[in-house]
Amino acid sequence: MRQRVFSGMQPTGIVHLGNLMGALTNWAAMQDDHDCIYCVVDLHAITAPFEPEEMRAARTDLAKAIMAVGVDPDRSLLYRQADVPEHVELMWLLGVDATMGPLGRMTQYKEKSDKAGERFGLFAYPLLQAADILIHRVHAVPVGDDQTQHLELTRDIAERFNNRYGETFPIPDRITPPVGARVSSLQDPTAKMSKSDPNPHAMVGVFEDPDAIMKKFKRAVTDSGSEVRYDWDEKPGISNLLEIFSFFDGRSIDDLVAEYGDQMYGHLKVAVGEAVVEGLRPIRERYEALADDEVEEILSSHAARAREMAQSTIEDVKQAMGLA
Ligand code: TRP
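Residues numbered from 1 in each chain as written. Predicted model: local features only at pLDDT ≥ 70, side-chain atom pairs only at ≥ 80, totals over all residues. Heavy atoms only, no water.

Q: Kindly report on the site of the ligand, identifying the contributing residues and their values.
A: In the region of the ligand, 13 residues are neighbours, and Tyr125, Gln129, Asp132, Val143 and Gln147 sit closest. Gln10 is positioned such that a nitrogen or oxygen atom in its side chain is 3.4 Å from an oxygen atom of the ligand. Interatomic distance of 3.0 Å between a side-chain N/O atom of Gln147 and a nitrogen atom of the ligand. Protein chains shield 89% of the accessible area of the ligand, which is 370 Å² for the free molecule. Contributing elements (two or more residues each) for the shell around the ligand: β1 (3–9) and α7 (120–135). Among the elements that line the shell around the ligand, the one with the most residues is α7, at four residues. (Near = heavy atom within 4 Å. Polar contact = N/O pair within 3.5 Å; in protein donor to acceptor, adjacent residues only side chain to side chain. Areas by Shrake-Rupley, 256 points an atom, 1.4 Å probe, with all protein chains shown as cover. Helix = DSSP H or I, 4+ residues; strand = E, 2+ residues; numbered from the N terminus.)

And the structure:
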């Protein structure tokens, strides 16, 4: 039996190499042997400061980018979270019993509330995520390390519900993305590439123009010394470049080190930039070929299907709780 999986991405900022290498490529690859449900989690994204008009564009644009990377709407379900209000309904039904302690101890909550203040949306964020996952009764969730805690919480919630009200949810496992999981900032290779980085040279957008991409790679911060070697402790800048190079070029890191080992850093940077520009070209072409009304049509029909599936879970949950 094919496993059913769910994953979500927030429509904040632009889609960058970290998203592509750490998540989206894997989303596309998983379609071969899983039943995939992918979601633009706009209701999570509004827990950070946002502008309505930017959100309106971003929630559809991210879906378009996800399709351009290879998520195929004929094989997978792809929708925007706010189009399926059952996520929020399930969050309440599961959340009433959640205790404050564990939610307050979530790393992401602590970090974000340190910066933005203790707000309910940040606090309840993992409950909504649990509802996302449980509403489709999936077996597995492909997410990065930073989501381990949220997935643990989801499993606890599902177990507690099953114990109290009877077997309702499968307990979902985490799937670690197999491909290029690690992408660092081009300006500080010890930090993750991030949309919120104030330095524009730190991050490379998937749809950025080729000249700008080349410039960013030429300016990438490298390490002291001059030897091209794969070693995250001693040479994080070069290792990051090699990781990105291998992802786009297809050759192994060992092969690349054999070829570029005694060349100057500058040569490596140009070669990586060129491989990235070349590798992004078909994604950009697919993105440009997708018409907005076509995307909108796909997303609304997928949301309708997702709602049907979600409603059947809500029905079972309400039955179990004596609410139906
Ligand atoms: N919190 C996830 C992140 O920041 C996004 C997300 C929301 C998600 N709901 C989800 C991921 C459900 C997996 C499953 O990456």
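Q: Break down the pattern of salt bridges for me, with residues and values.
A: Opposite charge on two side chains permits pairing when their charged atoms draw close. A full pass over the atoms with the stated rule returns 21 salt bridges. Between Arg155 and Glu152 there is a salt bridge; the shortest N-O distance is 4.0 Å. Linking Arg155 with Glu152, this pair stays in helix α8 (residues 148–165), spanning three residues, or about one helical turn. When its relative accessible area of 22% is taken as the criterion, Arg155 is described as partly exposed. (Salt bridge = Lys/Arg side-chain N within 4 Å of Asp/Glu carboxyl O. Buried < 20%, exposed > 50% of the residue type's maximum accessible area, 1.4 Å probe, protein only.)

Q: Kindly report on the packing of helix α4 (residues 86–95) against helix α13 (residues 292–321), identifying the contributing residues and their values.
A: When two helices pack together, their arrangement is given by the angle between the helix axes and the distance between those axes. Between α4 and α13, whose axes approach to 10 Å, the crossing angle comes to 20°. Considering the angle they form, α4 stands roughly parallel to α13. α13 is crossed by α4, and the crossing has left-handed handedness. Contacts between α4 and α13 involve Glu86, Glu89, Leu90 and Leu93 from the former and Arg307, Ala310, Gln311, Ile314, Val317, Lys318 and Met321 from the latter. Class assignment of the residues belonging to the contact of α4 with α13 gives a composition of six nonpolar, one polar and four charged. (Axes fitted to C-alpha atoms, helices over the stretch in contact; angles between N-to-C directions. Parallel < 35°, antiparallel > 145°, perpendicular 65-115°, else oblique. Left-handed = near helix turned anticlockwise from the far one by under 90°. Contact = heavy atoms within 4.5 Å. Nonpolar A, V, L, I, M, F, W, Y, C, P; charged D, E, K, R; others polar.)

Q: Summarise unusual backbone geometry; cite the residues concerned and give the values.
A: Its identity as a non-glycine residue notwithstanding, Arg137 has a phi of 45°, on the positive side. Residue class for Arg137 comes out partly exposed when judged on its relative accessible area of 22%.

Q: Explain helix α9 (residues 210–218) to me, using residue names and the numbers behind them.
A: Listed as buried for α9 are Ile213, Met214, Lys216 and Phe217. Along the axis of α9, the buried residues cluster in a sector spanning 160°; they form a single face. Of the exposed residues in α9, those oriented more than 90 degrees away from the buried face are Asp211 and Lys215. Of the surrounding secondary structure, the elements contacted by the buried residues of α9 are α1 (17–30), α10 (236–249) and α12 (265–289). The backbone nitrogen of Asp211 has a side-chain oxygen 3.1 Å away, supplied by the residue at the start of α9, namely Asp209. (Arc of directions from axis to C-beta.)

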